[in-house]
Amino acid sequence: MKISFQRSTGAFALAALLASAPIGVSVVFAQEDIGIVVYNAQHESLGVAWAEAFTKETGIKVTLRKGSDMEFANQIVQEGAASPADVFLTENSPAMSLVDGAGLFEPVAADTLAQVPENFRPSNGHWIGVAARSTVFAYDKTKLTEDKLPKSLLDLADPSWKGRWAASPAGADFQAIVSALLSLKGEEATASWLKSMKENFTAYKGNSTAMKAVNAGEVEGAVIYNYYYYGDQAKTGENSKNIALHFFKNEDPGAFVSISGGGVLASSQHKENAQKFLAWLTGKGGQSILRDGTSFEYAIGNGEASNAALPPLSDLQYPKVDPATLNSAKVTDLMTAAGLL
Ligand SMILES: [Fe+2]
């Protein structure tokens with residue numbers, strides 16, 4: 001005789017049932033297809049491509065929820081132990097640090113950590129890098145020649161750059177760049193740079209919009225991530241035809257490579273499958289989607305190649321930053337004080 005019941009059956013009812021069950025009766029749980037719930041702040045198309053390929057390969061269902069880095073980070077903190085999320089995926093590291101700071105991540109399995117080089121994951125192993133993106137200065141090549149480009153992100157604070165550059169300060173992407181600046185140069189230098197930025201730059205809502213503004217000749221350059229340009233080039237190139245990318249060098253804060261994170265929530269009821277998802281994302285399966293797809297984000301798994309359209313990650317002269325140190329609250333405070341938010 002078999003008795004099946006749903007997982008939602010309370011522990012008390014289960015105990016009562018077991019106590020009353022005659023000897024020789026086996027009690028089995030009904031096989032429900034629960035899947036894992038992923039709070040996906042990564043680009044929707046990338047999240048969908050990852051989820052579908054993972055399900056196809058493993059049979060484990062994935063339910064994606066859509067939101068932004070900070071929206072989800074704050075939501076997870078509010079939900080605490082009651083969060084329905086099993087996995088959190090971000091575009092940038094500061095949102096991961098926020099959730100980690102609240103003690104809500106389950107440590108990443110050691111085998112998974114071993115798939116990603118140390119510089120692409122936080123030192124504490126509470127979450128892991130799943131992809132990366134490079135900061136760039138997307139400039140109007142009809143107006144600027146290479147010798148006229150800023151050598152450092154810090155140069156954009158110079159009065160000579162007044163009215164000539166753009167950014168999208170409200171977004172998680174730009175705030176991650178500021179968090180790197182803070183980590184590398186300290187609070188005083190960051191506050192002073194942000195103050196000059198306020199004087200010099202033009203704000204756009206969204207990085208695509210900032211790039212379009214450069215392309216349209218409204219400003220000479222914009223501080224954005226690499227994939228906006230490559231994504232446009234792979235389509236019609238219409239919004240980037242006048243643009244070239246400048247990758248800052250010499251481990252400048254402007255050469256910051258931002259790590260997209262993945263983590264398993266400590267409150268997850270499906271930790272095994274959630275860990276499997278992280279293992280898959282950072283392994284051949286997830287990383288090959290970065291190589292072959294149209295996200296134009298960098299693959300970071302050991303020995304995994306990125307999309308051939310991108311300059312190799314190993315050629316970029318990015319600064320060494322422990323993503324665990326990237327602080328979103330301080331960045332928001334400093335940007336608010338500078339009148340940028
Ligand atoms: Fe972005």
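The rules we used
- Residues numbered from 1 in each chain as written.
- Predicted model: local features only at pLDDT ≥ 70, side-chain atom pairs only at ≥ 80, totals over all residues.
- Heavy atoms only, no water.
- Helix = DSSP H or I, 4+ residues; strand = E, 2+ residues; numbered from the N terminus.
- Buried < 20%, exposed > 50% of the residue type's maximum accessible area, 1.4 Å probe, protein only.
- Contact = heavy atoms within 4.5 Å.
- Areas by Shrake-Rupley, 256 points an atom, 1.4 Å probe, with all protein chains shown as cover.
- Lys, Arg positive; Asp, Glu negative; His and termini not counted.
- Charge placed at Lys NZ, Arg CZ, Asp CG, Glu CD.
- Donors = N, O, S within 2.8 Å, 3.2 Å for Na, K, Ca; no water.
- Tetrahedral: all angles 85-135°; square planar, octahedral: opposite > 155°, others 65-115°.
- Phe/Tyr/Trp six-rings, centres within 6.5 Å; stacked < 30°, edge-to-face > 60°.
- Lys NZ or Arg CZ within 6 Å of the ring centre and 35° of its normal.
- Axes fitted to C-alpha atoms, helices over the stretch in contact; angles between N-to-C directions.
- Parallel < 35°, antiparallel > 145°, perpendicular 65-115°, else oblique.
- Left-handed = near helix turned anticlockwise from the far one by under 90°.
- Nonpolar A, V, L, I, M, F, W, Y, C, P; charged D, E, K, R; others polar.
- Polar contact = N/O pair within 3.5 Å; in protein donor to acceptor, adjacent residues only side chain to side chain.

Observations regarding the overall build of the protein
Each helix and strand in the protein was counted, giving eleven helices and twelve strands. Its C-alpha atoms give the protein principal-axis dimensions of about 85 × 40 × 30 Å. Counting all 341 residues of the protein, 51% fall into the buried class. In the protein, 75% of the contacts between residues at least 6 apart in sequence involve partners at least 24 apart. Total accessible area computed for the protein in this model is approximately 15,200 Å², and 52% of it derives from carbon and sulfur atoms. Distance from the positive charge centre (28 side chains) to the negative charge centre (36 side chains) of the protein: 3 Å.

Quick word on the coordination of the iron ion
Reference geometry at the metal: tetrahedral coordination by four donors gives ideal angles of 109.5 degrees; octahedral coordination by six donors gives 90 or 180 degrees. For the iron ion, the full set of protein donor atoms is Glu 91 (OE), Asp 173 (OD), Tyr 227 (OH) and Tyr 228 (OH), at a range of 1.9 to 2.6 Å. Considering all four donor atoms around the iron ion, the spread of angles at the metal, 78 to 164°, places the coordination shape in the irregular class. Every donor residue of the iron ion comes from the same chain, spaced as E-x81-D-x53-Y-Y. Owing to a relative accessible area of 16%, Tyr 228 belongs among the buried residues under this scheme.

Some words on the packing of aromatic side chains
Within the structure shown, the criterion is met by 13 aromatic pairs. Residues Phe 120 and Tyr 318 carry aromatic rings whose centres are separated by 6.1 Å and whose planes lie at 40° to one another, so their mutual orientation is tilted. Of the two residues, Phe 120 is situated in the loop between helix H5 (110–113) and strand S7 (128–140) and Tyr 318 in the loop between helix H10 (284–292) and helix H11 (328–337); the sequence distance between them amounts to 198 residues. On the accessibility criterion, Tyr 318 (13% relative accessible area) is buried. Among the aromatic side chains, those forming a connected cluster through ring pairs are Tyr 39, Phe 72 and Phe 88. Directly above the ring of Trp 161 sits Arg 164, whose terminal nitrogen or CZ lies 4.0 Å from the centroid. Above the face of the Tyr 318 ring, Lys 320 is positioned so that its terminal group lies 4.7 Å from the ring centre.

A look at the packing of helix H7 (residues 207–215) against helix H8 (residues 226–234)
Packing of H7 against H8 brings their axes to within 10 Å, and their N-to-C directions diverge by 70°. Accordingly, the angle class assigned to the pair H7 and H8 is roughly perpendicular. Helix-helix and strand crossings are classified by hand; for H7 and H8 the assignment is right-handed. The segment H7 lies against H8, with Asn 207, Ser 208 and Met 211 engaging Tyr 228, Tyr 229 and Asp 232.

As for the packing of helix H2 (residues 44–58) against H10
Describing two packed helices takes the angle between their axes plus the distance from one axis to the other. Their axes nearest at 10 Å, the elements H2 and H10 cross at an angle of 140°. Considering the angle they form, H2 stands oblique to H10. Where H2 crosses over H10, the two elements pack in a sense that is right-handed. On the side of H2, the interface is formed by Leu 46, Ala 49, Trp 50 and Ala 53, while H10 contributes Gly 286, Ile 289 and Leu 290. A per-class count over the contact of H2 with H10 returns six nonpolar, one polar and no charged.

Here's the deal with the side chain of Asn 207
Mapping Asn 207 onto the fold places it in helix H7. At 3.2 Å, the side chain of Asn 207 and the side chain of Tyr 228 are in polar contact. Look past the residues within four positions of Asn 207 in its chain and what remains in contact with it is Ser 168, Asp 173, Val 223, Ile 224 and Tyr 228.

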